[in-house]
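Below, each chain spelled out in residue letters.
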Number of protein chains: 2
Amino acid sequence: MSITIKDVAKYANVAPSTVSRVIANNPRISDRTKEKVREAMKELGYHPNFIARSLANQSTQVIGLVTPGSSDVFFQNPFFPTVLRGLSEGAHENQYALQLVTGQNEEEIYNGVVQMVQGGRVDGVILLYSKVEDRILMYLRERNFPFVMIGKPFNFVEEITHVDNDNAQAAKDATDFLIELGHERISFIGGDENLVVTVERLTGYENALTQASLPYREDYILHQSFLLEGGQDAVCELMELPLMERPTALVVADDLMALGVLNTLNELGISVPEDISILSFNNVLTSEMARPPLSSVDINIFNLGYNASKHLIERLKNPEVPVKRVIIEHEIVKRFSTEAPVHK
Amino acid sequence: MSITIKDVAKYANVAPSTVSRVIANNPRISDRTKEKVREAMKELGYHPNFIARSLANQSTQVIGLVTPGSSDVFFQNPFFPTVLRGLSEGAHENQYALQLVTGQNEEEIYNGVVQMVQGGRVDGVILLYSKVEDRILMYLRERNFPFVMIGKPFNFVEEITHVDNDNAQAAKDATDFLIELGHERISFIGGDENLVVTVERLTGYENALTQASLPYREDYILHQSFLLEGGQDAVCELMELPLMERPTALVVADDLMALGVLNTLNELGISVPEDISILSFNNVLTSEMARPPLSSVDINIFNLGYNASKHLIERLKNPEVPVKRVIIEHEIVKRFSTEAPVHK
DNA sequence: TTGTAAGCGTTATCAT
DNA sequence: ATGATAACGCTTACAA
């Protein structure tokens, strides 16, 4: 058994409550007593028991992290470790710990969240994704449990504190960038259609086309899951178009997918950027590693995580803070996968 | 405030202790009462409070995860998400939750571990790395706190349950593979020398050379941190050797590093596998994505994590289980970066 | 400024 | 088979 507050109290000849107050640095305890108690704590090697404290306080100083149902895919993506680093840093600065909800599918994860929340294991929750219909979000909302979302909520945008990029704008910027290079046939390869980020980026892409009076073609729009193979399938589809209708540039929703695209093009003998330009999203390590290095929209993943932690904790410390929408800036990082088209 | 065991007790007209026994499915409670109590729990939407339970039980059902001090680098590596998936699955199957120790440097992480452990936040700990001198390991060992290590402990191998590959054998197999292809000048590009895995793999490499009576050259051994740029520097060094002394094959300790190597070779106009073969480790997504796809030693990262969870939990459930050394199999996955040398 | 005691929601021991 | 009650280690009125 460990050293408890009582042991310290005895050792320092004070009451347990006094020790507790010293820990909390309560100003109404005399400096002499504080000194004495702190001495005793050192001497005995005392460490406060978080569990007991949590029970008394009704607060654990732990944040629950929720990944999307398809965690295996999500984990593969370099997005995850980076956002986790941000979350971790934000949490650590405020002495919060991070706990992962585990589970194989959405059902298991949902149950995990319910247990965490009702079981009082966590003070708040961060959703690392945003999708169209989400039981977990609904649940948290109904219970009025503190949570922050990374991404833009599909519903209740005004009621849910979230940290996000302006993905519509980012996709518009990306598309504009290609248009300004002179491209007119631009394809959009997006991710899972149930993710809000996909929807938003598609909107931005469309807006850019409209504004530039370029035609919008259904068969230029492809949706694949956020993974390598997705990129490969997509390319094959596009390359079945008649030569003169094939896109000269691609907006790809994810670096990993873009890498799949790149490899497939490579195998088909189509070269980047000479024959086709690629502009992707996320700017993870992958984009630098690719040959040619990919131009990519840097969405500042670390900051996404960092701010999510910060704002959730702020809310936990002061439940009065209003709902916030935090937008993290994005930036196009030009590398070597985007050039002007060799005209028609 | 939430529904407690007392509310359920009242609603079902029994004592709180009875409710508790129903939760534990204690056989000495009549089926009728169980039925009645369960009904009440459903009716009221009761969920047990983990914190209170933890306090009473002196056990949290939470496992602490410790990453190496240089977490930022570690997080970047695809190793991390994969091992996490394995850990998560093993934990989930046994209803354990995972909590991350956060911190920027080794000092902070050490303090985090101490707090976690002494604060009673976790029942056991998994170290996701193994390094040469490790305060954290020493601390856990001295306190006799349950933990499992992924990797091979530098000291006390017989006393510490760990899950590992046979890295020496794996590196020997890798080197042998190249030797059998006909290579005689083989370089080893390893990672951080403070990591035990690096040491082990180097040993395996040396053994292979010795057994094949190939000379061991200091200048063929390079150590870089486990990252992309590391690979680049390493290549430059090797390519400064006189033409006829340059290695024809490379054993690279990590896929990510191998990718750096590959790109640099590419830029130098050296082609793989024609001019130089590359065999790397880990077989993460990266190795498939590379061009040419990299031959790699699959070390079964997922299983590493899965078994670590399993064995720690086994130990937690039954403190009597003896120390174990669990070896996860490895396998060379041949792709296109390894060929026989164009013999000079 | 400090001590006493109740309470946080469980579990477990001892009665009955 | 079930109920009372103490205990887990801490916090926080309320007293002194």
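Residues numbered from 1 in each chain as written. Chains lettered and ligands numbered in written order. Predicted model: local features only at pLDDT ≥ 70, side-chain atom pairs only at ≥ 80, totals over all residues. Heavy atoms only, no water.

*Asks:* Which residues make up the side chain of Lys131(B), and what values go with them?
*Replies:* Residues and elements named next belong to chain B. For Lys131, the position within the fold is in the loop between strand 3 (124-127) and helix 8 (135-143). A distance of 3.1 Å separates a polar atom in the side chain of Lys131 from a polar atom in the side chain of Glu106. Once you skip the residues sitting within four places of it in the chain, Lys131 turns out to touch Gly69, Glu106, Phe154, Asn194, Leu195 and Val196. (Helix = DSSP H or I, 4+ residues; strand = E, 2+ residues; numbered from the N terminus. Polar contact = N/O pair within 3.5 Å; in protein donor to acceptor, adjacent residues only side chain to side chain. Contact = heavy atoms within 4.5 Å.)

*Asks:* Hey, could you go over the protein's contact with DNA strand D for me, with residue numbers and the actual values?
*Replies:* Near DNA strand D, the surroundings consist of 26 residues, among which Ile5(A), Tyr46(A), Thr18(B), Arg21(B) and Thr33(B) are the closest. When atoms of DNA strand D within 4 Å of the protein are sorted by moiety, sugar and phosphate together comprise 64%. Ala52(A) places a polar main-chain atom, nitrogen or oxygen, 3.4 Å from a base nitrogen of DNA strand D. In the model, a base oxygen of DNA strand D is placed 3.3 Å from a nitrogen or oxygen of the Ala56(B) main chain. Of all elements in the fold, only helix 2 (16-23) and helix 4 (50-57) of chain A together with helix 2 (16-23) and helix 4 (50-57) of chain B reach the threshold of two or more residues within the surface near DNA strand D. No other element matches the four residues that helix 4 of chain A contributes to the surface near DNA strand D. Across the surface near DNA strand D, the residue classes break down as 11 nonpolar, 11 polar and four charged. (Near = heavy atom within 4 Å. Nonpolar A, V, L, I, M, F, W, Y, C, P; charged D, E, K, R; others polar.)

*Asks:* I'd like a description of the domain arrangement of chain A, backed by residues and values.
*Replies:* Residue and element names in this part refer to chain A. Per the domain assignment, the segments making up chain A are domain 1 (5-48), domain 2 (62-165 + 301-330) and domain 3 (167-298). Contact with domain 2, which involves 15 residues of that partner, is made by 18 residues of domain 3. Buried area between domain 2 and domain 3, summed over both chains or domains, comes out near 1300 Å², and the portion from carbon and sulfur atoms is 61%. Of the charged contacts in the structure, one is a salt bridge between Lys152 and Glu200, with a shortest N-O distance of 3.2 Å. Inspection of the region where domain 2 meets domain 3 yields seven residue pairs in polar contact (both at pLDDT 80 or more). (Domains from an automatic or database assignment. Buried area = accessible area lost by both parts, 1.4 Å probe. Salt bridge = Lys/Arg side-chain N within 4 Å of Asp/Glu carboxyl O.)

*Asks:* Explain the relation of the copies chain A and chain B to me, and be specific about the residues and the numbers.
*Replies:* Taken as rigid bodies, chain A and chain B are interconverted by a rotation of 180° and an axial shift of 0.0 Å, the fit giving an RMSD of 0.1 Å. Both copies are brought into coincidence by an operation consistent with a two-fold rotation axis. No C-alpha of chain A lies nearer the rotation axis than that of Gln99(A), which sits 2.1 Å from it. Both copies present the same face, since 100% of the interface residues in chain A are matched by interface residues at the equivalent positions in chain B. (Least-squares fit on C-alpha atoms with pLDDT ≥ 70 in both.)

*Asks:* Kindly report on the pattern of salt bridges, identifying the contributing residues and their values.
*Replies:* All names here are of chain A. Under the criterion given, the structure shown has 22 salt bridges over all chains. Glu107 serves as the salt-bridge partner of Arg135, at 3.0 Å between the closest nitrogen and oxygen. Here Arg135, found in helix 8 (residues 135-143), pairs with Glu107, found in helix 7 (residues 106-118); they are 28 residues apart in sequence, far enough to count as distant. Accessibility expressed as a relative area gives 37% for Arg135, which makes it partly exposed. Arg217 is paired through a salt bridge with Asp219; the nearest N and O atoms lie 2.8 Å apart. Note on Arg217: relative accessible area 22%, which makes it partly exposed. Take Asp219: its relative accessible area is 35%, and that puts it in the partly exposed class. One continuous salt-bridge network, built from bridges that share partners, spans Arg217, Asp219 and Glu245. (Buried < 20%, exposed > 50% of the residue type's maximum accessible area, 1.4 Å probe, protein only.)

*Asks:* Could you give an account of the packing of aromatic side chains, with specific residues and numbers?
*Replies:* One pass over the structure, following the stated rule, counts 12 aromatic pairs over all chains. Ring-pair connections join several aromatic residues into one group, and the members of that group are Phe74(A), Phe75(A), Phe79(A) and Phe80(A). Over the ring of Phe50(B) we find Arg121(A), and its NZ or CZ is 3.7 Å from the ring centre. Sitting over the face of the ring of Phe156(B), Arg141(B) holds its NZ or CZ atom 3.5 Å from the ring centroid. (Phe/Tyr/Trp six-rings, centres within 6.5 Å; stacked < 30°, edge-to-face > 60°. Lys NZ or Arg CZ within 6 Å of the ring centre and 35° of its normal.)

*Asks:* Summarise the sheet that holds strand 6 (residues 186-190) of chain A; cite the residues concerned and give the values.
*Replies:* All names here are of chain A. Taken in spatial order, the six strands line up as 7-6-8-9-10-12 in an open sheet, and their pairing is mixed. Each edge of the open sheet carries a strand with a single partner, namely strand 7 (221-223) and strand 12 (331-333). Adjacent strand axes in the sheet meet at a mean angle of 20°, parallel and antiparallel pairs treated alike. In the sheet, strand 8 (residues 249-252) pairs with strand 9 (residues 277-281) via four bridges, with the strands oriented parallel. By the bridge assignment, Val252 is partnered in strand 9 with Ser280. Docked against the sheet, helix 9 (residues 167-180) engages strand 6, strand 8, strand 9, strand 10 (295-298) and strand 12, running at close to 165° with respect to strand 9. (Pairing = 2+ DSSP bridges. Axes fitted to C-alpha atoms, helices over the stretch in contact; angles between N-to-C directions.)

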